[in-house]
Amino acid sequence: TAHSPREAERIRLALVEARELDLDPTRQTLGDYLRSWIAGLRDARVQRVRPRTLDHYALIVEKHIIPALGGYKLSAVTGRRVQAWIDADDAAPRTIRHHHAVLRRALNIAVRQHLLPWNPAAAVELPDVDADHADPMTLVEARALLTATAADRLGPLWRLALVTGMRSAELLGLSWDDVQGDSIEVRGQLLRRIDDAERELAKVEDRKPKGSWQLVRPKAARKVQRLALDPDTAAVMEAHRKRMGAERTATWRYHGLAFVTPEGEPLHATDVLKAFHAACKAAGIRERRFHDLRGTSATLLRADGVAEDTRMARLGHSTTMMARHYAQASEDQDRAAADGLGRALGG
């Protein structure tokens, strides 16, 4: 609060200066602009970016873009300087492309707001990226995995991943309300949100940040409302439901999720990966990424003669090029695909 006309005028001028600095690309640095962009995305009442994606953006901005380009005035960020930054990045080609994509998206907004006449990140050369080859299991390996882990508390997770091809976050966010006998509905995915305050506190206390769990919409809408389960998988899930009920204690926390820790808490993706590697070892097969269970599902469906449109609809792919094919899949075709895959994997 101003106590005199002179102080009021000083405050007014300071506010004008701050506003002009925010709007003037010749005075605002790229670092200031990027931090303001991230803050705007976080504060938006209607979220335009998923929380985990936004955390990833913020990390790239602070660790990779600002140290190299953040000191330049926004208007002084040229294509040549962006190219030099790209060429000096010693990360893997795919990672470099991720770094570049964040800068390009942020500067696209600057162009729309008439802070820049064009996007200097739009016309740079990027390193080639080799195709990310999946490493699916053979049918023999998949059967070995299920046989070796049939009695494990996470055995049903591996089976459901193989049968449905669901993404890991979708599996970990699966609610018991979405499991209805011989079908399941994919309505959400489980993500962990770590805010800046928690991240800084974890650094001070020399520990991993805890964050908070959030259930958000799936990555892409599926073309079949419910995913069919073969009889053996449905039976495995029902047995798993009973086992989870028997595990509950007075201190057990119920979140309604199908796959949880022995204490009832949501599973962390890194712990799931460790358990999956242990399951591979127990089955006597080579370790894979958890995501390769999804690739295995796609491969086994194709080997079983399932049509491409049905495979894509079941896996929840949604690319512009294939959209016309996915729309043709029906729930009857999906059930036939599930039953065929279930028979191949065995009970």
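As the structure is a computational prediction, the values presented were derived from the model and not from experiment.

## With respect to the overall build of the chain
Of the regular secondary structure elements, the chain holds 15 helices and five strands. The buried share of the chain, reckoned over its 347 residues, is 43%.

## Some remarks on the packing of aromatic side chains
On inspection of all chains with the given rule, the structure shows five aromatic pairs. A centroid spacing of 5.8 Å and a plane angle of 80 degrees characterise the contact between phenylalanine 276 and phenylalanine 290, whose relative ring orientation is edge-to-face. Here phenylalanine 290 lies in the loop between helix H11 (269-283) and helix H12 (292-303) and phenylalanine 276 lies in helix H11, a separation of 14 residues in the sequence. Of the residues examined, phenylalanine 276 reaches a relative accessible area of 0% and is grouped as buried. Taken together, Trp158, Phe276 and Phe290 form an aromatic cluster joined through their ring pairs.

## Here we look at the pattern of salt bridges
Taken as a whole and judged by the stated rule, the model has 15 salt bridges. With a shortest N-O distance of 3.2 Å, aspartate 55 and arginine 42 are connected by a salt bridge. One end of the pair, aspartate 55, is in helix H3 (residues 51-69); the other, arginine 42, is in helix H2 (residues 30-43), with 13 residues separating them in the sequence. Residues aspartate 55 and arginine 42 agree in their burial class; the two are buried. Its salt-bridge partner being glutamate 170, residue arginine 167 comes within 3.2 Å of it at the nearest N-O pair. Here arginine 167 matches glutamate 170 in class, with each residue buried. Here the salt bridges share partners, and the residues they tie into one network are Asp135, Glu141, Arg286 and Arg288.

## Comments concerning the packing of H12 against helix H13 (residues 308-315)
Put simply, H12 and H13 touch, their axes get as near as 10 Å, and they point 160 degrees apart. By the angle class used here, H12 and H13 are roughly antiparallel. Along this stretch, H12 crosses H13, giving a crossing that reads as right-handed. In this structure, H12 contributes Arg294, Ser297, Ala298, Leu301 and Arg302 to the contact, and H13 contributes Arg311, Arg314 and Leu315. Each residue belonging to the contact of H12 with H13 can be placed in one class, and the counts come to three nonpolar, one polar and four charged.

Scoring rules and cut-offs
Residues numbered from 1 in each chain as written. Predicted model: local features only at pLDDT ≥ 70, side-chain atom pairs only at ≥ 80, totals over all residues. Heavy atoms only, no water. Helix = DSSP H or I, 4+ residues; strand = E, 2+ residues; numbered from the N terminus. Buried < 20%, exposed > 50% of the residue type's maximum accessible area, 1.4 Å probe, protein only. Phe/Tyr/Trp six-rings, centres within 6.5 Å; stacked < 30°, edge-to-face > 60°. Salt bridge = Lys/Arg side-chain N within 4 Å of Asp/Glu carboxyl O. Axes fitted to C-alpha atoms, helices over the stretch in contact; angles between N-to-C directions. Parallel < 35°, antiparallel > 145°, perpendicular 65-115°, else oblique. Left-handed = near helix turned anticlockwise from the far one by under 90°. Contact = heavy atoms within 4.5 Å. Nonpolar A, V, L, I, M, F, W, Y, C, P; charged D, E, K, R; others polar.

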